[in-house]
Amino acid sequence: MRRTNQEKLRIAVLVSKAAFQFISGVSPSDYTVPEEVKAAGYEICADELGSIVESHDVKKLKFHGGVEGLAGKLKASSTDGLSTEAVQLSQRQELFGINKFAESEMRGFWVFVWEALQDMTLMILGVCAFVSLIVGIATEGWPKGSHDGLGIVASILLVVFVTATSDYRQSLQFRDLDKEKKKITVQVTRNGFRQKLSIYDLLPGDIVHLAIGDQVPADGLFLSGFSVVIDESSLTGESEPVMVNTQNPFLMSGTKVQDGSCKMLITTVGMRTQWGKLMATLTEGGDDETPLQVKLNGVATIIGKIGLFFAVVTFAVLVQGMFMRKLSTGTHWIWSGDEALELLEYFAIAVTIVVVAVPEGLPLAVTLSLAFAMKKMMNDKALVRHLAACETMGSATTICSDKTGTLTTNHMTVVKSCICMNVQDVANKDVANKGSSLQSDIPESAVKLLIQSIFNNTGGEVVVNKHGKTELLGTPTETAILELGLSLGGKFQEERKSYKVIKVEPFNSTKKRMGVVIELPEGGRLRAHTKGASEIVLAACDKVVNSSGEVVPLDEESIKYLNTTINEFANEALRTLCLAYMDIEGGFSPDEAIPSSGFTCVGIVGIKDPVRPGVKESVELCRRAGITVRMVTGDNINTAKAIARECGILTDDGIAIEGPVFREKNQEELLELIPKIQVMARSSPMDKHTLVKQLRTTFDEVVAVTGDGTNDAPALHEADIGLAMGIAGTEVAKESADVIILDDNFSTIVTVARWGRSVYINIQKFVQFQLTVNVVALVVNFSSACLTGSAPLTAVQLLWVNMIMDTLGALALATEPPNDELMKRLPVGRRGNFITNAMWRNILGQAVYQFIVIWILQAKGKSMFGLEGPDSTLMLNTLIFNCFVFCQVFNEISSREMEEIDVFKGMLDNYVFVVVIGATVFFQIIIIEFLGTFASTTPLTIVQWIFSILVGFLGMPIAAGLKTIPV
């Protein structure tokens, strides 16, 4: 479906572009501003704006004065953005629209009722009910002759409305979750202040800041930026990335920033964007079936076929018995209305055996359990994007975790530095003291150089917010460095205005560094600054600024001293960064790459990122649960090892390895190495991808991977479960993930694993319960039909049993919350059997007990209870039906635990379970005592009620005894 939709999108985009090229012959000067737009003070309308970007019309753009001209016509500033006056924003919304796509209309409750009625077995039963009504009324009159038919109709309607209600509530829940998925904020400049804003609040004229991994939130135009590469594959299907710059300034909604950073002017929003128009022509499909649903659908099909065989044989045996009776009395050519109704009842019983046999509750239980888990996980700060992730996470055997922000707090500060070869401890001092302490030991020329490097070679920004306070924007690493620059007395805006930026190379995970080339005011000289992983940047240096502020060659002794410093910082669990510069001689073109060698080292800084509270305990919990936690990071190996030991990840028998070393290993070496790897440092995105792939394919592990950047997308795709960070994660990482960890906390990942296990176990409990009912109902009716020529359980009674075990059973057992015991078990893994030996033991043990009870009642029931007279058979069948139902009620309680004896623990905490059990008992009393005419029952005596309950209750000690049998 996805491929088909993408092809539709691609074709629609190409057709759209062709159409615009065809009509581009119309001169731009023909454009006239609509009166209502003029009256509001604007000089361009929404349609004209849309056509410029959608058709990539450079002529029209020039006609309107370029990007700056369009900003003016939109009453916006290309530097300060829009005014935040409410009246102006409201007027702008009315004229240009809002940034929301029209959603497909929500299906109403009655649509779900109609869909539930489409079930083939229910339709057959409906025909039976109709014929029963016609024949019954014709032979016995109204209302007596209608009872059997109306009983079946009432049962069908009950099944339909309960199913429809369940599906409708589920659809509402998924719609709410879908809204959560689409909550995205972007950095916007309004009134000259940079601020976070929901993409839904964007308007034409807004200035949006984009960086690597961001999704373009609306159609617009490039204002300024560097090295911007856009991935348009989601819109056009073309895999080739597109360079965006002043020559090609068009940015389309729904595309993603693959590299670089920029500011864009929003021109078109919502349904007027090309993405919006295309989305209007497509209907979004729901979640695919999860692997477990597919597996259980297969189980349901097999059981259904077995049920169909039993039903056909049962019907044949019952009809044959009837014909033999008629033959013996010589009335085989004479048929009465009662006999026709009896024949119809046999057919209804056969159909109902199929209804009972087909465990349609299996997929329902999976969906209910997953939906329940998804809703609860939202409260635990985990947004599930794909249903299958819930169940898969329960089988996870390995978690490959990032360090920064997941295991650590992601609140960084510079605590140590080695500037001009002088090591300084700058921790536990306020900002002012940090600066004065450093400045006193650093030559003035070096301070100036350092400030120049910090404020020009950065992806962050220092802004004044609307309250007049200084605010640092950017990644935690960037803000830590910017804070150091401010403490040295630097002024961000002044520094940025003093130099002209020639080229920017943003940080990426492959190079492990970033760079900038600036033009100095004195003489137009060019200078390159670089910043990144200490070993990599230091290796690019051949000179160093010494303690006197002089540039001297970087000799062996100096290199050794700096490497020792880096290792010392790293052993204290500090992230180290090296800052360097070089003066470029002989000219430089923006099309060239920034040089990779010949730099002068200015200094090294050590940044502290404390371990999150509770991480060590969570890692230990995973270990006890059989889940191996591996840390994969781009940091220095000593930093990685120090953090991993603090978290409890790196143990004495584990290995820490660097990405470049890992890459050089052959397959034979990897087979021996990978099971022992607990830390991978200085890893590239492909190292992470290779590790995950090897763990999954070679070692058959179920792997969960965390990621926050665009470069993590391959590993997130490769993993069984991709976990994206909600705070630090890019939109590309989030789209590649199955679960978004909203608080970026490792402890939340463990919570997801607990819920995953809970889902898996809950569905196993339900399957155990349902298969027990299936086996007993099938065998009882089939054997009874074969041996006595009649079935003790009628169609209406079987429909009620079906209701108990399908919908109500799914509700009760599929919504059990997780408990601490779940994380004391080993994971199921990829090859684990869903129906375990313990489940078969419980199913068969309970089935044998229930079958024996019912057969004893059938054979000796009348004499045991002294039942005589014309109603004795009805009374006995009612007693059998009641005992059968109470066996299921108590078996449902026993099914809460498959191995534990104590099944009452925590039962009252699950109000859904208590309500379902209570409702089942209540309606059973109503059916027996008051609905005899419809359900073919008769009121029971107090002794018979006590006996029924006792028979059901005895199933519990038997279930407890079965659990002691080893399997």
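As recorded by an unreviewed UniProt entry, the protein chain carries the name Calcium-transporting ATPase and is attributed to Camelina sativa. Within the UniProt record for the protein chain, the comment given under Catalytic activity (unreviewed entry) is "Ca(2+)(in) + ATP + H2O = Ca(2+)(out) + ADP + phosphate + H(+)".

Points about the packing of helix H31 (residues 837–865) against helix H35 (residues 942–963)
In the contact formed by H31 and H35, the axes pass within 10 Å of each other and the chain directions differ by 150 degrees. Relative to H35, the element H31 is oriented roughly antiparallel. Once H31 is placed against H35, the crossing between them reads as right-handed. Between H31, through Arg841, Asn842, Gly845, Gln846, Tyr849, Val853, Leu857, Met864 and Phe865, and H35, the contact on the second element is made entirely by Gln944, Phe947, Val951, Leu954, Gly955, Ile958, Ala959, Leu962 and Lys963.

Quick look at the pairing of strand S1 (residues 185–190)
Every regular strand shows the same layout, with side chains that alternate between the two sheet faces. A large share of S1 lies buried, amounting to five of its six residues. Where S1 and strand S2 (residues 193–198) come together, six bridges link them in antiparallel fashion. The residue of S2 that forms the bridge with valine 186 is leucine 197. If you look at the hairpin formed by S1 and S2, you'll find two residues sitting between the two strands, and asparagine 191 has a positive phi there, around 55 degrees. In the sheet, S1 pairs with strand S3 (residues 207–210) via three bridges, with the strands oriented antiparallel. Among the inter-strand pairings, glutamine 187 is bridged to a residue of S3, identified as histidine 209.

Focus: the sheet that holds strand S24 (residues 703–707)
Spatially, eight strands are ordered S8-S26-S25-S24-S9-S21-S23-S22 in an open sheet, and the strand pairing comes out mixed. Only two strands of the sheet have a single neighbouring strand rather than two, namely strand S8 (382–384) and strand S22 (655–658). Put simply, the sheet's adjacent strands are angled 20 degrees from each other on average, direction ignored. Relative to strand S23 (residues 677–681), strand S21 (residues 628–632) runs parallel, the two sharing two bridges. Looking at S23, one finds that methionine 631 is bridged to valine 679.

A short note on helix H22 (residues 615–624)
Buried within H22 we find Val615, Ser618, Val619 and Cys622. Within H22, the buried residues cover an arc of 100 degrees as seen down the axis, which keeps them to one side. In this structure, the buried residues of H22 make contact with strand S9 (398–401), S21, helix H23 (637–647) and helix H29 (746–788).

A word on the packing of aromatic side chains
Remark: the centre distance and the inter-plane angle together describe each pair of aromatic rings, the angle taken between the planes. Tallied over the entire structure, the rule returns 15 aromatic pairs. Between tyrosine 42 and phenylalanine 96 the ring centres are 5.3 Å apart and the planes differ by 85 degrees, which places this aromatic pair in the edge-to-face class. One end of the pair, tyrosine 42, is in the loop between helix H2 (35–39) and helix H3 (46–54); the other, phenylalanine 96, is in helix H6 (residues 86–96), with 54 residues separating them in the sequence. The exposure class of tyrosine 42 is buried, given its relative accessible area of 1%. A ring pair is formed by phenylalanine 109 and tyrosine 168, whose centres lie 5.9 Å apart and whose planes are at 80 degrees; its orientation type is edge-to-face.

Quick word on the pattern of salt bridges
Within the structure shown, the criterion is met by 23 salt bridges. A salt bridge links aspartate 820 to arginine 754; its shortest N-O distance comes to 3.0 Å. With a gap of 66 residues between them, aspartate 820 in the loop between helix H30 (795–813) and H31 and arginine 754 in helix H29 connect regions that are remote in the sequence. The exposed category is assigned to aspartate 820, whose relative accessible area is 55%.

A short note on the environment of glycine 459
Mapped onto the elements, glycine 459 comes out in the loop between helix H17 (444–456) and strand S12 (461–464). For glycine 459 and threonine 479, which are 20 residues apart along the polypeptide, the C-alpha to C-alpha distance reads 9.3 Å.

Details of the UniProt feature "transmembrane region" (unreviewed entry) in the protein chain
Under the UniProt annotation, "transmembrane region" (unreviewed entry) lies at residues 116–138, 150–168, 302–323, 343–373, 838–857, 872–890, 911–936 and 942–962. As annotated, residues 872–890 comprises 100% helix and 0% strand, and the C-alpha atoms at either end are separated by 27 Å. Span residues 942–962 is 100% helix and 0% strand, its end C-alpha atoms 31 Å apart.

Digging into helix H33 (residues 911–930)
With 20 residues, H33 should reach 28 Å at 1.5 Å per residue; the first-to-last C-alpha distance of 28 Å fits that figure. All of the buried residues along H33 are Val912, Phe913, Val916, Ile917, Thr920, Gln924, Ile927 and Ile928. Taken end-on, H33 shows its buried residues confined to a sector of 135 degrees, consistent with a single buried face. Exposed side chains of H33 directed beyond 90 degrees from the buried face belong to Tyr911, Val915 and Phe930.

Re the nonpolar core
With 72 residues, the main nonpolar core has Trp800, Phe881, Phe884, Val885, Ile893 and Phe913 as its most contacted residues. The dominant element in this core, judged by the number of residues it contributes, is helix H32 (residues 872–894), at 13 residues. In contact with tryptophan 800, other than residues within four places in its own chain, are Leu158, Leu808, Phe881, Val885, Thr920, Phe923, Gln924 and Ile927. Counting 61 residues, the second largest nonpolar core, distinct from the first, contains Ile399, Ile761, Ile843 and Met898.

Quick notes on the rules
- Residues numbered from 1 in each chain as written.
- Predicted model: local features only at pLDDT ≥ 70, side-chain atom pairs only at ≥ 80, totals over all residues.
- Heavy atoms only, no water.
- UniProt positions renumbered as here; feature names shortened; annotations may be inferred.
- Axes fitted to C-alpha atoms, helices over the stretch in contact; angles between N-to-C directions.
- Helix = DSSP H or I, 4+ residues; strand = E, 2+ residues; numbered from the N terminus.
- Parallel < 35°, antiparallel > 145°, perpendicular 65-115°, else oblique.
- Left-handed = near helix turned anticlockwise from the far one by under 90°.
- Contact = heavy atoms within 4.5 Å.
- Buried < 20%, exposed > 50% of the residue type's maximum accessible area, 1.4 Å probe, protein only.
- Pairing = 2+ DSSP bridges.
- Arc of directions from axis to C-beta.
- Phe/Tyr/Trp six-rings, centres within 6.5 Å; stacked < 30°, edge-to-face > 60°.
- Salt bridge = Lys/Arg side-chain N within 4 Å of Asp/Glu carboxyl O.
- Expected span 1.5 Å × (residues − 1).
- Core = buried A, V, L, I, M, F, W, Y, C linked by side-chain atoms within 4.5 Å.

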